[in-house]
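Structural overview
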Amino acid sequence: MRRIHFGYFTLLLSLFSFSSSAQKDSVPAVSVNPALLEIFNSKYPKTYTIAGINVKGTKSFDAGLIISISGLAVGDKVQIPGTDVFGKAISKLWKQNLVSKVDISIIKLEETNLYLDIDVVERARLIDYKFIGIKKGEKDDLETKIGLTKDRVVSENMKLSAVEAIKKFYFDKGYRNVTISLEEEQISGSSYGVSITFNIKKGNKVKINAINFSGNVIVDDSRLKKQMKGSKEMSRFTFFPETPFRPYGDTSSGYTFKNYLKEGGYFYPTKTMELIDPYFRIKFSGSKFNEKKYEEDKDKVLSYLNGQGLRDAVIVADTLMTNKDGNINIDIKVLEGRKYYFGNISWKGNTKFSDSVLNMLLGIEKGDDYNLELLNKRLGKQLSMEGGDISSLYQDDGYLFFRLDPVETAVYKDTIDFEIRMTEGPQATYGKITVSGNDKTKDYVALREMRTVPGQKFSRSDIIRTQRELSQLGFFNPEKINPNVIPNADNGTVDINWEVEEKSSDQLELSAGFGGGIGLTGTLGVTFNNFSLKNINKKSTWDPLPSGDGQRLSLRAQSNGRAYRSYNFSFTEPWLGGKKRNSFSVSYYNTKFSNAVDQFGNFCRSCGSDSYLKTTGFGLSLGKQLKWPDDYFNLIYSLNYQQYKLKNYGQIFSGITNGTSNNISLKLTLLRSSAGPNPIFPTSGSNFSLSGQFTLPYSKVGIKPSVNNKYALPEFHKWRFNAEWYTPIGRARGVDKNKQFILKAVAKYGFIGRYNTELEVSPFERFQVGDAGLSNTQALLGFDIIAHRGYPVYSSTNPKVNPEGISPTEYFTVFNKYTVELRYPFSTSASSTIYGLAFFEAANGWYSIKEYNPFKLRRSAGLGMRFFLPMFGLLGFDYGIGLDRYDQTTGIKGAAKFTFMLGQEAE
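So, how was this worked out
- Residues numbered from 1 in each chain as written.
- Predicted model: local features only at pLDDT ≥ 70, side-chain atom pairs only at ≥ 80, totals over all residues.
- Heavy atoms only, no water.
- Helix = DSSP H or I, 4+ residues; strand = E, 2+ residues; numbered from the N terminus.
- Contact = heavy atoms within 4.5 Å.
- Areas by Shrake-Rupley, 256 points an atom, 1.4 Å probe, with all protein chains shown as cover.
- Pairing = 2+ DSSP bridges.
- Axes fitted to C-alpha atoms, helices over the stretch in contact; angles between N-to-C directions.
- Buried < 20%, exposed > 50% of the residue type's maximum accessible area, 1.4 Å probe, protein only.
- pLDDT = per-residue confidence, 0-100.
- Core = buried A, V, L, I, M, F, W, Y, C linked by side-chain atoms within 4.5 Å.
- Patch = residues over 30% accessible without salt bridge, like charges linked within 9 Å, V, L, I, M, F, W, Y side chains within 5 Å.
- Salt bridge = Lys/Arg side-chain N within 4 Å of Asp/Glu carboxyl O.
- Nonpolar A, V, L, I, M, F, W, Y, C, P; charged D, E, K, R; others polar.
- Lys, Arg positive; Asp, Glu negative; His and termini not counted.
- Polar contact = N/O pair within 3.5 Å; in protein donor to acceptor, adjacent residues only side chain to side chain.
- Parallel < 35°, antiparallel > 145°, perpendicular 65-115°, else oblique.
- Left-handed = near helix turned anticlockwise from the far one by under 90°.
- Phe/Tyr/Trp six-rings, centres within 6.5 Å; stacked < 30°, edge-to-face > 60°.

Moving on, we come to the overall build of the protein. Regarding its fold elements, the protein presents 13 helices and 43 strands. Look at the contacts in the protein between residues 6 or more apart in sequence, and 60% of them connect residues 24 or more apart. Element-wise, carbon and sulfur atoms account for 54% of the exposed surface of the protein, whose accessible area totals about 47500 Å².

This part takes up the sheet that holds strand β22 (residues 415–423). Adjacent strands of a sheet pair through backbone hydrogen bonds, lying either parallel or antiparallel. Spatial strand order, β20-β22-β21: three strands in an open sheet with mixed pairing. Strand pairing shows two members of the sheet lacking a second neighbour, β20 (341–348) and β21 (403–412), which therefore form its edges. Averaged over all neighbouring strand pairs, the angle between strand axes comes to 25°, with direction disregarded. Relative to β22, β21 is paired through nine bridges, and the arrangement is antiparallel. What sits directly across from Val411, in β22, is Ile416. The sheet contacts of helix α8 (residues 355–362) involve β20 and β22, and relative to β20 the element is tilted by about 140°. Set on the sheet, helix α9 (residues 372–379) makes contact with β20, β21 and β22; between it and β21 the angle comes to about 150°.

Considering the arrangement of structural elements, one finds Lys59 in the loop between β3 (46–56) and α2 (63–70). A relative accessible area of 54% means that Lys59 is categorised as exposed. Each C-alpha atom of the pair Lys59 and Val120 lies 9.8 Å from the other, and the pair is 61 residues apart in sequence.

It is worth spelling out the environment of Gln79 at this point. Take Gln79: it is sitting in strand β4 (residues 77–80). Residue Gln79 is classed as partly exposed on the basis of its relative accessible area of 41%. C-alpha of Gln79 to C-alpha of Tyr48: the two residues are 31 residues apart in sequence and 6.2 Å apart in space. With residues near it in sequence (within four places) discarded, Gln79 still touches Pro45, Lys46 and Thr47.

With that settled, consider the confidence of the model for the protein. For the protein, mean pLDDT is 81; residues scoring 70 or higher make up 83% of the total. Every residue in residues 1–32 is under pLDDT 50, and counting partners more than four places away or in other chains gives 58 contacts. Between residues 245–284, whose pLDDT stays under 50, and residues either more than four places distant or in other chains, the model counts 76 contacts.

Ranked by size, the top nonpolar core spans 25 residues in total, and within it Leu72, Ile104 and Ile118 carry the most contacts. Going through the elements one at a time, β3, α2, β4, α3 (85–95), β5 (99–110) and β6 (113–122) are the ones with two or more residues in this core. When residues no more than four places from it in sequence are discounted, the contact partners of Leu72 are Ile50, Ile53, Ile67, Val85, Phe86, Ala89, Ile104 and Leu116. Formed by 22 residues, the second largest nonpolar core is a distinct cluster that contains Tyr129, Ile134, Leu142 and Ala162.

Residues Leu555, Phe569, Leu576, Tyr588, Phe618, Leu620, Leu622, Tyr637, Leu639, Ile664, Leu666 and Leu668 make up a contiguous nonpolar surface patch of about 980 Å² in total accessible area. Looking at the nonpolar patch, the elements that each hand over two or more residues are β31 (612–625), β32 (633–647) and β33 (659–673). Along the chain, Leu666 turns up in strand β33.

Enumeration over the complete set of coordinates arrives at 41 salt bridges. Between Lys339 and Asp369 there is a salt bridge whose closest N-O contact spans 3.4 Å. Placement of Lys339 in the loop between β19 (328–335) and β20 and of Asp369 in the loop between α8 and α9 is noted, with a sequence separation of 30 residues between them. Between Arg451 and Asp631 there is a salt bridge; the shortest N-O distance is 2.5 Å. One end of the pair, Arg451, is in the loop between α11 (443–447) and α12 (460–473); the other, Asp631, is in the loop between β31 and β32, with 180 residues separating them in the sequence. The class of Arg451 is buried, set by a relative accessible area of 14%. You can call Asp631 partly exposed: its relative accessible area is 21%.

The next point concerns the sheet that holds strand β9 (residues 193–201). One open sheet accounts for three strands, arranged β7-β9-β8; its pairing is mixed. Because the sheet does not close on itself, it has two edges, and the strands there are β7 (125–132) and β8 (179–186). Strand after strand, the sheet turns through a mean of 20° between neighbouring axes, direction not considered. Bridge count for β7 against β9 is seven bridges, and the pairing is parallel. The residue of β9 that forms the bridge with Tyr129 is Ile196. Together, β7, β8 and β9 form the strand contacts of helix α5 (residues 156–172), whose direction differs from that of β9 by roughly 25°.

As a further point, take the packing of α2 against α3. The N-to-C vectors of α2 and α3 enclose an angle of 120°; their axes lie 8 Å apart at closest approach. Contacts from Ile66, Ile69 and Ser70 in α2 reach Ala89, Lys92 and Leu93 in α3. Residues of the contact of α2 with α3, tallied by class, amount to four nonpolar, one polar and one charged.

Turning next to unusual backbone geometry. The omega torsion of the bond from Trp628 to Pro629 falls at 5°, within 30 degrees of zero and hence cis. In this structure, Pro629 sits in the loop between β31 and β32. Phi at Glu111 takes a positive value of approximately 55°, unusual for a residue other than glycine. Residue Lys413 is not a glycine yet carries a positive backbone phi of 55°. The residue Lys413 is located in the loop between β21 and β22 in this model. Judged by its relative accessible area of 72%, Lys413 is exposed.

What follows covers the side chain of Asp417. Tracing the backbone shows Asp417 in strand β22. Buried within the structure, Asp417 lacks any salt-bridge partner; Lys366 is the closest side chain of opposite charge, at an N-O distance of 6.1 Å. From its side chain, Asp417 meets the backbone nitrogen of Asn344 in a polar contact 2.7 Å long. Dropping the residues within four chain positions of it, Asp417 is found in contact with Gly343, Asn344, Val407, Glu408, Thr409, Ala410 and Tyr412.

Turning next to the packing of helix α4 (residues 136–143) against α5. Contact geometry of α4 with α5 gives a least axis separation of 11 Å together with a crossing angle of 125°. Considering the angle they form, α4 stands oblique to α5. For the crossing formed where α4 meets α5, the hand is right-handed. Packed against α4, whose contacting residues are Glu138, Asp141 and Leu142, the element α5 presents Ile166, Phe169 and Tyr170 at the interface. A class-by-class count of the residues in the contact of α4 with α5 yields four nonpolar, no polar and two charged.

Scanning the entire structure with this criterion turns up 31 aromatic pairs. Arranged with centres 5.2 Å apart and planes meeting at 80°, the rings of Phe694 and Trp719 form a pair that is edge-to-face. Of this pair, Phe694 sits in strand β34 (residues 685–694) while Trp719 is found in strand β35 (residues 717–729), placing the two residues 25 residues apart along the sequence. For Trp719, a relative accessible area of 36% translates into the label partly exposed.

A few words on the side chain of Gln227. Examined against the element boundaries, Gln227 turns out to sit in helix α6 (residues 221–227). Residue Gln227 is classed as buried on the basis of its relative accessible area of 17%. Of note is the side chain of Gln227, whose polar atom sits 3.0 Å from the backbone oxygen of Arg223. Setting aside chain neighbours within four positions, we find Gln227 in contact with Asp297, Lys300, Val301 and Tyr304.

In structure tokens:
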């Protein structure tokens with residue numbers, strides 16, 4: 001036998017078995033076949049033919065697969081001595097990570113024919129794996145991150161990759177002392193299957209104890225620390241030495257901070273403390289250390305220093321030291337360098353706008369702190385969605401090919417002069433405008449909303465407006481609307497392919513139940529927001545109904561046994577005629593509210609047919625987009641008819657149990673809406689509406705009220721004003737704008753009046769104020785339902801009154817409401833929009849304009865959550881505290897109220 005080594009592998013040439021000693025470096029006893037030795041000892045190469053290949057040791061792999069991977073094949077010609085064919089075959093098998101050992105042996109030689117054995121030892125296969133020492137939620141998260149697949153070959157590289165993924169997972173969570181050990185266990189009944197157990201010890205979270213800067217003279221430490229938003233040190237509080245406290249959970253007293261004061265009066269607590277007086281808990285904590293965020297924060301520190309005129313500032317060194325508590329002290333040494341200022345700024349190449357106009361828009365004066373980032377932002381070197389920069393000024397006037405380059409022309413002492421070199425280029429026009437990704441919505445539905453019209457002059461604001469309009473449709477994911485701009489410098493045009501992603505916009509409402517005395521109860525409602533009426537006769541387009549033309553169809557039925565039932569229908573065509581943005585809507589509803597109780601107040605199945613209130617309503621509306629003052633304005637005309645029919649029903653009007661009322665009114669609404677781009681979670685813009693609703697002045701034209709029913713023809717004029725503003729606040733550099741706090745401010749006002757002072761104000765169309773904005777039984781009279789979180793529905797104008805449990809019988813003719821909300825989005829994806837909010841609200845209602853006092857308001861504050869799911873619409877929860885309901889006897893509990901909303905945001 002002869003053994004020849006190839007790296008970590010061996011080529012065995014043997015016709016016989018051999019044995020070796022246990023000692024690693026000993027030479028085995030060899031029984032040599034002279035014919036095989038002659039092959040490799042020959043002075044001249046000789047060509048042999050592989051006549052046969054046998055594979056041994058395979059358990060799960062096919063022998064043909066092993067031969068194929070090796071690259072060897074029966075009939076191949078090999079030269080010996082010569083090319084290293086067998087060594088290459090071994091390398092190929094090893095690289096596949098399928099085997100842990102490979103031997104290739106020449107077992108037989110017949111003239112020039114060679115017969116080979118490929119002997120392999122397969123790697124174990126992963127049958128199962130598990131985690132020990134962590135929570136179930138963490139196990140679920142790790143399964144998606146470690147990249148392990150069952151029945152996969154187990155290799156050292158695979159195990160190392162899994163361990164590194166686990167470490168990274170916990171490092172990002174602040175556990176920098178995590179230890180991981182692996183246990184590999186053979187599966188019983190399987191000769192090659194193993195189970196891997198990851199034993200994980202997370203240790204304690206590593207937090208940042210302190211951040212210390214050195215070398216900074218011009219900018220103090222506190223300003224630099226504010227830039228490190230992802231790396232915050234543990235809170236430090238200064239107390240008087242004799243301030244009493246006790247460790248949280250310790251009932252003893254008499255402790256002071258005196259023994260805990262360190263380093264000039266600063267106290268570095270490591271656990272939650274509770275002050276004895278006042279009764280107030282303080283939690284001392286710092287941010288967990290995240291290496292990625294730390295590196296980003298160092299860049300922010302440098303950007304801030306550069307923005308203060310310190311353009312030569314650098315971080316010389318930074319060290320991370322672990323203290324005795326296992327937390328980190330960060331020491332950062334900076335070199336500020338000289339502080340620089342802007343000098344003279346001149347313009348070159350501008351013909352469209354004068355130097356004075358450009359200087360005014362740039363807003364940088366000689367002597368201002370040098371800030372290259374601010375200069376580039378004001379110049380608009382990248383397309384800005386916010387505008388207000390030099391590039392936006394030109395791009396809004398068609399100069400798509402506009403270019404500029406700020407050049408330092410002189411540096412003297414601490415002052416830097418700039419020359420802004422510009423190439424205005426020709427004005428571009430829109431060329432080919434297309435849309436892609438709209439599998440359901442017809443092309444023309446998207447194209448008609450676009451402000452990027454072929455042949456018109458290019459404008460950056462057109463692109464931004466088109467993004468908003470496409471988002472407002474509700475058919476596309478707002479985060480995936482992307483204008484793919486393709487400039488054509490040769491002919492001065494620009495092609496745009498609008499890339500969109502469809503999202504589900506239809507909604508379903510479904511509930512059912514059965515009561516022994518009431519009978520079947522339930523609600524079935526469907527809303528198709530992308531309906532197609534013209535394809536209603538084409539069965540091939542039904543999925544489940546024809547869609548794609550942007551129309552809206554809503555159907556809803558609700559029943560509460562014999563006590564209540566309601567049917568609703570509405571249809572909207574947003575582009576009546578297809579050429580202009582003129583909307584047309586038609587709606588119909590029919591409800592019946594039965595008394596369903598006998599004279600003793602007991603439920604009566606048959607009483608509903610003898611005592612009820614029926615309402616029937618029909619409405620038409622036509623909306624028109626205006627061009628002046630701007631095209632955000634719309635004017636909407638609405639004609640409405642409601643009939644109210646009473647039979648032995650005395651719960652609505654005092655002294656009237658039978659009769660019919662017909663309410664016919666015309667409503668005009670002037671609306672301006674620029675909020676967006678996401679209609680569910682607007683981040684900027686505003687909404688304003690002013691409306692007036694009018695009936696005929698019947699009493700003024702000689703039509704007197706009926707003696708039996710003074711409300712047969714209600715007359716009134718009603719006015720509403722709503723204003724909403726959305727403003728992003730606290731936006732950090734490099735952070736997605738959709739993840740910023742959004743401040744929403746709202747002001748609302750309503751008034752309903754009469755034509756004839758001798759008549760009372762109509763009981764119809766009044767204002768119900770309070771609670772979550774959900775209707776009650778008397779909302780059948782068409783009340784505007786005004787939500788006021790933290791309060792029940794109320795009818796008294798006195799803010800101190802706590803009317804919990806009182807059902808109002810009369811509602812307001814005047815109301816005021818102001819709201820401020822601070823919102824934060826947790827998800828703005830197409831599948832779900834989730835955001836939290838904190839609110840402060842003040843509202844009240846009055847019975848006449850003489851009583852109106854805009855400063856006499858009920859105030860409330862609280863927290864809430866909103867969840868929008870395309871299939872079910874908007875779901876909301878609020879916990880509000882009525883500040884003017886607070887009473888020392890009942891405390892916060894008596895003043896708080898939990899409210900729930902479903903379907904749409906309450907007014």
